[in-house]
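Inside the fold
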Amino acid sequence: MITEHIKVYGRVQGVGFRNATAKLAAKYDITGTVQNVEDFVEVFVSGKSDEVKAFAAKVITGPASFSRVRSYEIFEIPYREYDSFKQI
């Protein structure tokens, strides 16, 4: 089990990015949070390594049709346990 901290920059606020990210998390059966922070979207995600990596690959391409990811950062951090995946 791993946890990744993902920061996504670009046109990612006000375009359904958080909602699309939450739906994507349900497909991969992972837990964590997604929230708007200043000029980026921040995602914390925990789960099995393969699922987390596959989820992150989809998030950085922009899960919402109107989103445009300009850049991103992904950090593996110490494991965090979440009950579910939530939009904050």
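Residues numbered from 1 in each chain as written. Predicted model: local features only at pLDDT ≥ 70, side-chain atom pairs only at ≥ 80, totals over all residues. Heavy atoms only, no water.

1. Structural notes on the pattern of salt bridges
Scanning all chains against the criterion turns up 2 salt bridges. For lysine 53, the salt bridge is made with glutamate 4, and the minimal N-O distance between the two is 2.6 Å. Highlighted residues: lysine 53 in helix α2 (residues 49-59) and glutamate 4 in strand β1 (residues 2-11), separated in sequence by 49 residues. One network of salt bridges, with partners in common, ties together Glu4, Lys53 and Glu76. (Salt bridge = Lys/Arg side-chain N within 4 Å of Asp/Glu carboxyl O. Helix = DSSP H or I, 4+ residues; strand = E, 2+ residues; numbered from the N terminus.)

2. Concerning the UniProt feature "domain: Acylphosphatase-like" (unreviewed entry) in the protein chain
Using the residue numbers shown here, the UniProt feature "domain: Acylphosphatase-like" (unreviewed entry) corresponds to residues 3-88. Segment residues 3-88 splits into 27% helix and 43% strand. End C-alpha atoms: 18 Å apart. (UniProt positions renumbered as here; feature names shortened; annotations may be inferred.)

3. Overview of the packing of aromatic side chains
Enumeration according to the criterion identifies 2 aromatic pairs in this entry. Residues phenylalanine 55 and phenylalanine 85 carry aromatic rings whose centres are separated by 6.0 Å and whose planes lie at 65° to one another, so their mutual orientation is edge-to-face. Within this pair, whereas phenylalanine 55 is found in helix α2, its partner phenylalanine 85 is found in strand β5 (residues 85-87), the two being separated by 30 residues in sequence. Of the two residues examined, phenylalanine 55 and phenylalanine 85, each falls in the buried class. (Phe/Tyr/Trp six-rings, centres within 6.5 Å; stacked < 30°, edge-to-face > 60°. Buried < 20%, exposed > 50% of the residue type's maximum accessible area, 1.4 Å probe, protein only.)

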